[in-house]
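# Examining the three-dimensional arrangement
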Amino acid sequence: MPKITYIQFDGTESSVDAALGTTVMNSALENLIPGIDADCGGEGSCATCHVLIDESWISKVGEPSESEESMLDLNPDRAANSRLSCQINVTPKLDGLIVNLPEFQY
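Overview of the structure. Predicted model, so just to flag it, every value in this text is computed and none were measured. (Residues numbered from 1 in each chain as written. Predicted model: local features only at pLDDT ≥ 70, side-chain atom pairs only at ≥ 80, totals over all residues. Heavy atoms only, no water.)

### Here's the deal with the pattern of salt bridges
Tallied over the entire structure, the rule returns four salt bridges. Taking the shortest distance from any N to any O, the salt bridge between aspartate 17 and lysine 3 comes out at 3.1 Å. In this pair, aspartate 17 sits in strand β2 (residues 13-17) while lysine 3 sits in strand β1 (residues 3-7), placing the two residues 14 residues apart along the sequence. You can call aspartate 17 partly exposed: its relative accessible area is 43%. Residue arginine 78 is joined to aspartate 73 by a salt bridge in which the shortest nitrogen-to-oxygen separation is 2.5 Å. One salt-bridge network, held together by shared partners, links Glu69, Asp73 and Arg78. (Salt bridge = Lys/Arg side-chain N within 4 Å of Asp/Glu carboxyl O. Helix = DSSP H or I, 4+ residues; strand = E, 2+ residues; numbered from the N terminus. Buried < 20%, exposed > 50% of the residue type's maximum accessible area, 1.4 Å probe, protein only.)

Here it is in structure tokens:
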């Protein structure tokens, strides 16, 4: 299983094994990672699973879809490396992925 490291705004790190075929959001929820609320249940319509992808992983994670871009544009704290974790599927190539959780989600 790929390992994903979630870094809280205060620097606390949690590394978890993520099941293939799930999402970065589901992996966080299953492992009780704080800062991922997922109010819409992974539909990409609320942005409460917003994460900041570590710069070294942006190309491996890929670009957001047009609908994800639209949702991210509504977020005043959006950054160039912002993604909705519900839209990132866990695949073997994401083993070692590092995501940061923004301060406003606490």
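Still more ground to cover, so stick around.
### A closer look at the sheet that holds β2
Strands sit in the order β2-β1-β5-β3-β4 across an open sheet of five strands; the sheet is mixed. Bordering the open sheet on either side are β2 and β4 (82-84), each of which pairs with just one other strand. Averaged over all adjacent pairs, the angle separating strand axes in this sheet is 35°, with direction ignored. Here β1 runs beside β2; their pairing, made up of five bridges, is antiparallel. By the bridge assignment, tyrosine 6 is partnered in β2 with serine 14. Against the sheet, helix α3 (residues 66-73) touches β3 (50-53) and β4, its axis set at about 115° to β4. (Pairing = 2+ DSSP bridges. Axes fitted to C-alpha atoms, helices over the stretch in contact; angles between N-to-C directions. Contact = heavy atoms within 4.5 Å.)

### Points about the pairing of β3
It is a general feature of regular strands that their side chains alternate between the two faces of the sheet. Alternating positions in β3 separate into two faces, His50 and Leu52 on one and Val51 and Ile53 on the other, with burial throughout. Bridging between β3 and β4 involves three bridges; their strand directions are antiparallel. Bridge pairing in β4 places histidine 50 opposite leucine 84. Here β3 runs beside strand β5 (residues 97-100); their pairing, made up of two bridges, is antiparallel. Looking across to β5, one finds that isoleucine 53 is bridged to valine 99.

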